[in-house]
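One-letter residues, chain by chain:
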Number of protein chains: 2
Amino acid sequence: MDRCIYVCYSISMDTDCANLFLSKRVSGIRSSVIREILKITVKDSEFLSFAGGLPNPNLLEKELLLQATEKTINDSRDVAFQYGDSTGYEILKHHIQHSFTNGMDMEGFSICITHGSQQGLELLGKFFMEEGTNVLLEDPVYLGALQAFSPYHPNFISLPLESDGPNLLELENIFIEKKIHCFYSNPSHQNPSTITWSIEKRKKVAALLDQYDVILIEDEAYLYLDFFGTLYPSIHSFRKNRDLSFVIGSFSKIISPGFRLGWVLVPNRFLKVFTNAKQGNDLNTNQFSQVVISHLLSLMPLVDHLDKIRSYYLNQKQYLVELINHYLPEVSFQDPKGGMFLWVMFPNVLESEMMEGILEKKVVMVPGNEFRIQKSDSTYFRMNFSFLPKAEMEEGVKRVNQVYRDIIT
Amino acid sequence: MDRCIYVCYSISMDTDCANLFLSKRVSGIRSSVIREILKITVKDSEFLSFAGGLPNPNLLEKELLLQATEKTINDSRDVAFQYGDSTGYEILKHHIQHSFTNGMDMEGFSICITHGSQQGLELLGKFFMEEGTNVLLEDPVYLGALQAFSPYHPNFISLPLESDGPNLLELENIFIEKKIHCFYSNPSHQNPSTITWSIEKRKKVAALLDQYDVILIEDEAYLYLDFFGTLYPSIHSFRKNRDLSFVIGSFSKIISPGFRLGWVLVPNRFLKVFTNAKQGNDLNTNQFSQVVISHLLSLMPLVDHLDKIRSYYLNQKQYLVELINHYLPEVSFQDPKGGMFLWVMFPNVLESEMMEGILEKKVVMVPGNEFRIQKSDSTYFRMNFSFLPKAEMEEGVKRVNQVYRDIIT
């Protein structure tokens, strides 16, 4: 009953008997504390949540949304209410190519639109990962990538991050010791650590990836959320062997997660297999959303919109930093230059104690070990600052402070 | 280089070298002739297509769509433009439970909303299928199911269909000879054969599934497209062991495929694993579409809407039947009672010859062997009647007739 042990270890089934019917793959399926927390906070409005990566929906202008949907229904019905190309809606691809490829040389690449960047991760896991595949991940790592890759049972190998990216000696040692097949990285405003790699490290890692023939999955979900509009060149842009790089982007953080639209820049030699696998997954991405967002991007002054969300997030970030400095002077974090999180280390306290305490006080943050392959003894929490209004942020930090004080004193 | 041979067999890669990097799983990924044809017909408007399963987008009332999107933007922004519950939007689940479960006893079941019914198939493939799993399929079978299941490398076993469902003796023999793990069936207006199982056969198959402990994946995408509104009880409703049944539904054929919304009725003992796997695939289904369609269902007189599309499709079907009887008296088909296809047998001609001829004449249908595990020598084509206006249908049938005449004379 090998299978059963596996399954019971990583998910608690409602009925053990169900396990007998499930594939071995299921033992790799992970739950997400974030999603569980999201459910709690939706049901109980007294909860204050620093947990989700929720953009503020009020940053989208209502008038523009109304215009974009009207245009969709009046002028684009035949496309919007029909099946579509499995690689995505042509006009939206043009918008992405024009505005969201960060000056990348697209020669030899195609844009494939996916059902959120998460679907891009799941498809790349499907292609490249199986039992025995060595997959290198940053430590800490984006939880959604673990959820997407785990069912395919690769060996995960962790690469600790420094404040400007990976330790290069350590990285080279890993490459020497083990045949690494894929490297998944989130080099700009990483979720959860907020670390942004230096250009120097991007160049050097690119050279190592070339030397060791490693597939790069570069997740740039936060690229356009730099508070000062800095756009970092992708690791991929420094590679000689560009054919082994996939770059992932998303509209979730810059427009809205409600449209569930992301994209993957796919080397053409993998385009056919990507398209066919996408078909198997869902035939094609939501046409209605693709058309609406295309109209929205035509109507919207994009630069102004990005400026607006960046300055809003910067302001929110500064407020949370002030609150934490005021109420929780013992904790430490690297002040982020973009994104929507702080990655906060709480000294002299166990993660489980903190978690228990904050849930009781109806405030939530995501425990750091959710983002790790090997559990860490240090207690980190990821705190989102994009969602809560300022007064609620303050109340939330006060509650966290009470819990922390109660434990350490 | 076992892997390479596998891969090259089922997909033709642009660069052989790419194969070296792909997982063995990729060898199972199938392309879809239907999607290739769709692309051709989009690019060249002279093509007349009987190929897709495309509903007619004009059956959706523009005014209602405008109202539904306005309500979404004005009243439901916080839900529509945000992340959501991985099992779906609560209000849409209520609509499904109320109007689209065909009186099923929902005790012990939960509704999970998916990115089209195709995603339901992919998730169920992920859970239940791996190398060595015996999966029973109808012959012919829905191509999308093959695309969803194939990457997981199960053994497919074919069950030939009679005009009222499977041959029961044959089915029992299969169960005796092999341990069948899952049975995928599309018992009402099957795509592509248009066959609808008799109630008697549903009952008997349910008993056999119970006796042999088989998981049933019951795909009811066409249930509500019966021309006379007949709703057949699901196979699942006759099972004692209901816990081993998943029922799949879709809004694509009755509202619009543009919203990419389907659902799975999931036995509660599998709910947690379903939810977690869904998270790994895409976090959650498109919230914007879920909210719009919820408003649409509240605004829309559903019975009238279904009556309208049914009578439209019946009318279209009758016209295609008349055309075929007039121009192509040699071919044979079972007159369908619902759905959007004819499954037409062309005697004395090879599938490949017909296919070559019709592409030259710029008319397309889907070759029957696309829907089979083992190729058949009989030449079948699936012809859609829901999409083309009548004049174009006639022109299309004339072109098909010319090709057929040229070959057989």
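Residues numbered from 1 in each chain as written. Chains lettered and ligands numbered in written order. Predicted model: local features only at pLDDT ≥ 70, side-chain atom pairs only at ≥ 80, totals over all residues. Heavy atoms only, no water.

Observations regarding the nonpolar core
Thought 1: The biggest cluster of nonpolar side chains holds 164 residues, and the ones touching the most others in it are F251 and F346 of chain A together with F251 and F346 of chain B.
Thought 2: With sequence-adjacent residues up to four places away left out, F251 of chain A is seen in contact with L92, I96, F100, S256, L261, G262, W263, I293 and L297 of chain A.
Thought 3: Formed by 76 residues, the second largest nonpolar core is a distinct cluster that contains Y152 and V266 of chain A together with I29 and V141 of chain B. (Core = buried A, V, L, I, M, F, W, Y, C linked by side-chain atoms within 4.5 Å. Buried < 20%, exposed > 50% of the residue type's maximum accessible area, 1.4 Å probe, protein only. Contact = heavy atoms within 4.5 Å.)

Focus on the packing of helix α4 (residues 62-75) of chain B against helix α12 (residues 287-299) of chain B
Residue and element names in this part refer to chain B.
Thought 1: Running from amino to carboxyl end, α4 crosses α12 at an angle of 125 degrees, the nearest separation of the two axes being 8 Å. Between α4 and α12, the angle is such that the two are oblique. Considering only the axes of α4 and α12, their crossing is right-handed. The residues of α12 that touch α4, namely those facing L64, L65, Q67, A68, T69, K71 and T72, are F288, V291, V292, H295, L296 and L299.
Thought 2: Class assignment of the residues belonging to the contact of α4 with α12 gives a composition of eight nonpolar, four polar and one charged. (Axes fitted to C-alpha atoms, helices over the stretch in contact; angles between N-to-C directions. Helix = DSSP H or I, 4+ residues; strand = E, 2+ residues; numbered from the N terminus. Parallel < 35°, antiparallel > 145°, perpendicular 65-115°, else oblique. Left-handed = near helix turned anticlockwise from the far one by under 90°. Nonpolar A, V, L, I, M, F, W, Y, C, P; charged D, E, K, R; others polar.)

Things to note about the domain arrangement of chain A
Residue and element names in this part refer to chain A.
Thought 1: According to the domain assignment, chain A contains domain 1 (24-60 + 304-408) and domain 2 (82-299).
Thought 2: The straight-line distance from the C-alpha centre of domain 1 to that of domain 2 is 25 Å.
Thought 3: With 35 residues of domain 1 at the interface, the matching set in domain 2 holds 36 residues.
Thought 4: Summing both partners gives a buried area of about 3200 Å² for domain 1 against domain 2, and 65% of it is carried by carbon and sulfur.
Thought 5: Counting across the interface, domain 1 meets domain 2 through 14 residue pairs in polar contact (both at pLDDT 80 or more).
Thought 6: At seven residues, helix α13 (residues 302-327) tops the list of elements feeding residues into the side of domain 1 that touches domain 2. (Domains from an automatic or database assignment. Buried area = accessible area lost by both parts, 1.4 Å probe. Polar contact = N/O pair within 3.5 Å; in protein donor to acceptor, adjacent residues only side chain to side chain.)

A closer look at unusual backbone geometry
Thought 1: Cis geometry marks the peptide bond from D139 of chain A to P140 of chain A; its omega dihedral reads 0 degrees.
Thought 2: Along the chain, the position of P140 of chain A falls in the loop between β3 (134-139) and α8 (143-149).
Thought 3: Look at the link from N191 of chain A to P192 of chain A: it is a cis peptide, with omega at 15 degrees.
Thought 4: Relative to the helices and strands, P192 of chain A is located in the loop between β6 (182-185) and α10 (199-211).
Thought 5: Although it is not a glycine, R260 of chain A sits at a positive phi angle of roughly 45 degrees.
Thought 6: Mapping R260 of chain A onto the fold places it in the loop between β8 (245-250) and β9 (262-267).
Thought 7: Residue R260 of chain A is classed as buried on the basis of its relative accessible area of 2%.
Thought 8: One non-glycine residue, H189 of chain B, lies in the positive phi region at around 55 degrees.
Thought 9: With respect to the helices, strands and loops of the structure, H189 of chain B is situated in the loop between β6 (182-185) and α10 (199-211).

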